[in-house]
Amino acid sequence: MSADSTKYAEKIVRRAAALGFERCGIIRVSAMKGYGEALAARMARFPETAPMLRNFIPFADPTEKCPWVKSIVICSRRCGVYRVPDNLGGMIGKHYLFDERRDAGSDGYRDTALFEKYMTDELHLQTASGNDYGITACRWAAKEAGIGVIRGNNFFYGDHGSYYSLYAFLIGEELEYIHSPLNNTPCPDNCNLCVKNCPTRSLAEPYAMSAFKCASFLTNKAGEDSGFKEHGAEIGGWIYGCDVCQDVCPFNKGELTGEREFNGLAELSAEISLEKLVAMDYASLRNLLSAKFWYIPPDEMWKWKRNALNAIANNWEERYADTIMLALRDEDERVREAAAGAGAAIGRTFL
Ligand code: SF4
Ligand code: SF4
């Protein structure tokens, strides 16, 4: 790389740091080739997930959609610094609680916009950044840039465990800035805590996860004819996402500091409980949840009630009896069915 290119890359990395990103690296777009190979191996290992995983094939070569792309800027930002509201721990996954991608009031949303503006307006780079689901495979790009590693539970780990948000930007300039990860100690040979504790056995072995069995997929994407019923009892108290394979990991020990409040989360959490979700009318559910937790679209609000009823059945207390009875009269048949299923699971008939 020429001295000019090095200066350019250093400017980008410095601005990212000034905006609060923990690390920023830059890779050539060709470094994503290995992602395509890893994806092909995943599809061969779990063929039932291939129709979904095929959607990610373009991530391995962003030049197919954007022929001008030469490099990828990838930035990490800690989300483990935010406080998990007491009532939502073990219920909603932390990456979802601290999701900044659509949250215009969040620091990450603001800073990614400022960062991209800097690259376009001040450095005159052609750029493109992700839509909601990203523009390339962020974890792979981050690993290639050396801003962290991918561990056996398939999550990206930076210098402070796995609770990070990653942001990718495609740029039309050939630049490179590769780090040496501070904490690149491999997973210990004898550790299988993430695999052993995965409630749905979705994580079959390190680096091998069947998405369709993962509680995260089941709680927010799975429809009525899916594996949700098969795995409902295993999902336990989770109603949107799952953190088990990260929370049990020794590399996350002490890394959740909870020193900061996430934008609007304390107020929102006061409106959420299993009983409230089941009792809420559909318009209120949409208003309350669909912008923040957007993996469940506005016309699928019934899933929140199904998931809450499943969690109730898995953590039964007598105080939930009225909630089940209410759900048996819900306007949505799928919720009534979930309520009947919850009653059956605890061996009770509610009239
Ligand atoms: S998120 Fe939960 S269900 Fe999915 S692989 Fe991890 S532990 Fe298993
Ligand atoms: S729990 Fe063990 S095997 Fe799994 S990611 Fe953490 S260190 Fe690696």
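Coordinates for the structure precede this section.
Just so you know, these numbers come straight off a predicted model, no measurement behind them.

Take the sheet that holds strand S6 (residues 164-171) next. Pairing is antiparallel in the open sheet, where four strands are placed in the order S1-S2-S6-S3. Each edge of the open sheet carries a strand with a single partner, namely strand S1 (23-28) and strand S3 (127-129). Across this sheet, the average inter-strand angle for adjacent strands is 25°, counted without regard to direction. Of the pairings in the sheet, the one linking strand S2 (residues 71-78) to S6 comprises eight bridges and is antiparallel in character. Looking at the pairing, Ile 72 lines up with Leu 170 of S6. Packing of helix H1 (residues 3-18) onto the sheet brings it into contact with S1 and S2, and relative to S1 it is tilted by some 150°. On top of the sheet, helix H5 (residues 107-122) reaches S1, S2, S3 and S6; it is set at about 20° to S6, its chief contact.

Two elements in contact, H1 and H5, have axes whose closest approach is 10 Å; the angle formed by their N-to-C orientations is 145°. Taken as a pair, H1 and H5 cross one another with a handedness that is right-handed. Residues Lys 11, Ile 12, Arg 15 and Ala 16 of H1 form the contact with H5, whose own contacting residues are Phe 115, Tyr 118, Met 119 and Glu 122. Residue classes in the contact of H1 with H5 are distributed as five nonpolar, no polar and three charged.

Our next topic: the nonpolar core. One finds Ile 92, Ile 239, Tyr 240, Phe 293 and Trp 304 to be the most contacted residues of the largest nonpolar core, which totals 44 residues. Of all the elements in the fold, those that place two or more residues in this core are helix H4 (94-97), helix H11 (265-269), helix H12 (274-279), helix H13 (282-289), helix H14 (302-314), helix H15 (321-327) and helix H16 (333-345). It is H14 that provides the largest number of residues to this core, a total of seven residues. Counting 28 residues, the second largest nonpolar core, distinct from the first, contains Leu 39, Leu 53, Ala 60 and Ile 147.

A separate point is the site of ligand 1. Around ligand 1, a shell composed of Cys 198, Pro 199, Thr 200, Ser 202, Met 209, Cys 214, Ala 215, Cys 242, Val 244 and Cys 245 is seen. Its residues placed into classes, the shell around ligand 1 shows eight nonpolar, two polar and no charged.

Before going further, it helps to examine the packing of aromatic side chains. Per the stated rule, a full pass over the model turns up 19 aromatic pairs. Ring geometry for Tyr 82 versus Phe 262: centroids 5.0 Å apart, planes at 90°, classification edge-to-face. Linking Tyr 82 in the loop between S2 and H4 with Phe 262 in the loop between helix H10 (244-247) and H11, this pair joins segments that are 180 residues apart in sequence. According to the relative accessible area criterion, Tyr 82 is buried, its value standing at 5%. Ring plane angle 45° and centroid distance 5.7 Å describe the contact between Phe 98 and Phe 262, whose orientation is recorded as tilted. Of this pair, Phe 98 sits in the loop between H4 and H5 while Phe 262 sits in the loop between H10 and H11, and the two are 164 residues apart along the sequence. Residue class for Phe 262 comes out buried when judged on its relative accessible area of 3%. A cation over a ring is seen here: Arg 151 above Phe 251, with NZ or CZ 3.5 Å from the ring centre. The ring of Phe 228 has Arg 306 lying over it, and the distance from NZ or CZ to the ring centre is 3.8 Å.

Take the pattern of salt bridges next. Oppositely charged side chains are able to pair whenever their charged atoms sit close together. A full pass over the atoms with the stated rule returns 23 salt bridges. One salt bridge in this structure joins Arg 110 and Asp 111, with 2.9 Å as the shortest N-O distance.

Let us look at the pairing of S2. Consecutive residues of a regular strand have side chains that alternate between opposite faces of the sheet. With eight of eight residues buried, S2 is to be regarded as a mostly interior element. With burial as the criterion, each face of S2 is covered, one bearing Ser 71, Val 73, Cys 75 and Arg 77 and the other bearing Ile 72, Ile 74, Ser 76 and Arg 78.

This brings us to the pairing of S6. A large share of S6 lies buried, amounting to eight of its eight residues. Neither face of S6 is exposed, since Tyr 164, Leu 166, Ala 168 and Leu 170 on one face and Ser 165, Tyr 167, Phe 169 and Ile 171 on the opposite face are all buried. Across three bridges, S3 lies against S6 in antiparallel orientation. Note that in S6 the partner of Thr 127 across the bridge is Ile 171.

What follows concerns unusual backbone geometry. We note that Arg 201 has phi near 60°; this positive angle belongs to a residue other than glycine. Checked against the element boundaries, Arg 201 lands in the loop between helix H7 (193-197) and strand S7 (203-205). Located in the positive-phi region is Tyr 207, a residue other than glycine, with phi close to 65°. Following the sequence through the fold, Tyr 207 ends up in the loop between S7 and strand S8 (208-209). Note on Tyr 207: relative accessible area 45%, which makes it partly exposed.

Moving on, we come to the environment of His 179. Along the polypeptide, His 179 turns up in the loop between S6 and H7. Each C-alpha atom of the pair His 179 and Val 278 lies 48 Å from the other, and the pair is 99 residues apart in sequence. Apart from residues no more than four positions distant in its own chain, His 179 is found in contact with Arg 23, Cys 24, Gly 25, Ala 145, Gly 146 and Ile 147. For His 179, the side chain forms a polar contact with the main-chain oxygen of Cys 24, separated by 2.5 Å.

Rules used in this analysis
Residues numbered from 1 in each chain as written. Chains lettered and ligands numbered in written order. Predicted model: local features only at pLDDT ≥ 70, side-chain atom pairs only at ≥ 80, totals over all residues. Heavy atoms only, no water. Pairing = 2+ DSSP bridges. Helix = DSSP H or I, 4+ residues; strand = E, 2+ residues; numbered from the N terminus. Axes fitted to C-alpha atoms, helices over the stretch in contact; angles between N-to-C directions. Contact = heavy atoms within 4.5 Å. Left-handed = near helix turned anticlockwise from the far one by under 90°. Nonpolar A, V, L, I, M, F, W, Y, C, P; charged D, E, K, R; others polar. Core = buried A, V, L, I, M, F, W, Y, C linked by side-chain atoms within 4.5 Å. Buried < 20%, exposed > 50% of the residue type's maximum accessible area, 1.4 Å probe, protein only. Near = heavy atom within 4 Å. Phe/Tyr/Trp six-rings, centres within 6.5 Å; stacked < 30°, edge-to-face > 60°. Lys NZ or Arg CZ within 6 Å of the ring centre and 35° of its normal. Salt bridge = Lys/Arg side-chain N within 4 Å of Asp/Glu carboxyl O. Polar contact = N/O pair within 3.5 Å; in protein donor to acceptor, adjacent residues only side chain to side chain.

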